[in-house]
Amino acid sequence: MTRFGGNSEIMTQTLSSLTSMTGFSRVASAWRDMAFVWELKSVNGKAFDVRFRLPPGFDGVEAAVRALAALHVKRGNVQVNLSVQQAGGAGGLKVNSALLEQLVAMAENLRDRLGSAPIQAENLLGLRGVLEAEEPVLSEDDVKARDAVLIAAFETAVGELVLARKAEGARLADVLRAQLARISDLTAQARDNPSRTAEAIRQRLAEQVARLLEQSDSFDPQRLHQEAIVLATRADIQEELDRLQSHISAAFTLLQAKEPVGRKFDFLAQEFNREANTLCSKANDPSLTMVGLDLKTTIDQLREQVQNIE
């Protein structure tokens, strides 16, 4: 039977390759007189989901950048935002003729009714929406060149997002190691609990049989001893301890995996919880019950952290 001695298992582990699902990146780029900023933010998710917020006229890059995101990110909800700024005056200004004519008609009508002074052109031009920035007209080759710059900048941004997620994953791995060390220690405490010694078990059995015989002298002592032994066997937690130790070993193996292990770790955390629940239900001594409750608390904390793993 494999046994773990406190933190000794942790000290022999190699550097973890865990990746978190939480991360952020921001990359700025430019093309001619346009300035671009990609912002990527990822959070926990059951699967991979990416959503884009792109300015009008930039939808043509979505397919390419979506493929890049899917290539580098395997799990999590990713929000992608692209902001674009045009250098001042680059595209010139144009008058919204329809809005201007409507405003002139309204102003003339009011002037006739109120007898006010003639309309001043600068007052109308200062109204919101009358003057609009005129977008430059790009050729097909220009659009391709611009989009190539955008896609290259996005690839840099998604690479930085992956690095941020890996850095968070390294911090997360340290937390998981500490929690697994605590689970290992508590498993050892349960294994070595005095209530599990042969003498303690014999004493408990003797007390149970004595109480039953006090209530009636018609019981068969031999049969009572046999029944008590069966009950004691059912209350034995050795199988749960063996499975907990096996799960601890499996968890350390997952910490060293190169591929995403979030779903496997989530399932393993559920198995940890199942064994801790069974241990508590079988505990026949208050000290062992307290160890089981500490196990459940630590495993719950482990399950919370596991939700962040890719």
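1. Some words on the overall build of the protein chain
Argument step 1. When helices and strands are tallied, the protein chain shows 10 helices and 6 strands.
Argument step 2. Taken over 310 residues, the protein chain has a buried fraction of 35%.

2. Comments concerning the packing of aromatic side chains
Argument step 1. A complete count under the given rule lists 3 aromatic pairs for this structure.
Argument step 2. Relative to F58, the ring of F36 has its centre 6.3 Å away and its plane inclined at 70°; by these criteria the two rings are edge-to-face. Linking F36 in strand β2 (residues 34-43) with F58 in the loop between β3 (48-53) and α2 (62-72), this pair joins segments that are 22 residues apart in sequence.
Argument step 3. Given the relative accessible area of 7%, F58 is considered buried.
Argument step 4. Through a chain of ring-to-ring contacts, the aromatic side chains of W38, F52 and F154 assemble into a single cluster.

3. Focus: the nonpolar core
Argument step 1. L176, F265 and F272 are the most contacted members of the largest nonpolar core, which totals 31 residues.
Argument step 2. Secondary structure elements with two or more residues in this core: α5 (140-191), α8 (238-255), α9 (262-282) and α10 (286-306).
Argument step 3. The residues contacting F272, other than those within four sequence positions of it, are L180, I183, L244, H247, I248, A251, I299 and L302.

4. Looking at the confidence of the model for the protein chain
Argument step 1. Chain-level pLDDT for the protein chain is 84 on average; 78% of the residues reach the 70-or-more range.
Argument step 2. Element-level pLDDT for the protein chain is lowest in helix α1 (residues 8-11), with a mean of 40, against a maximum mean of 97 in strand β1 (residues 23-31).
Argument step 3. Low pLDDT, under 50, characterises residues 1-14; the stretch is placed with 25 contacts to residues that sit more than four places away or in other chains.

Calculation notes
- Residues numbered from 1 in each chain as written.
- Predicted model: local features only at pLDDT ≥ 70, side-chain atom pairs only at ≥ 80, totals over all residues.
- Heavy atoms only, no water.
- Helix = DSSP H or I, 4+ residues; strand = E, 2+ residues; numbered from the N terminus.
- Buried < 20%, exposed > 50% of the residue type's maximum accessible area, 1.4 Å probe, protein only.
- Phe/Tyr/Trp six-rings, centres within 6.5 Å; stacked < 30°, edge-to-face > 60°.
- Core = buried A, V, L, I, M, F, W, Y, C linked by side-chain atoms within 4.5 Å.
- Contact = heavy atoms within 4.5 Å.
- pLDDT = per-residue confidence, 0-100.

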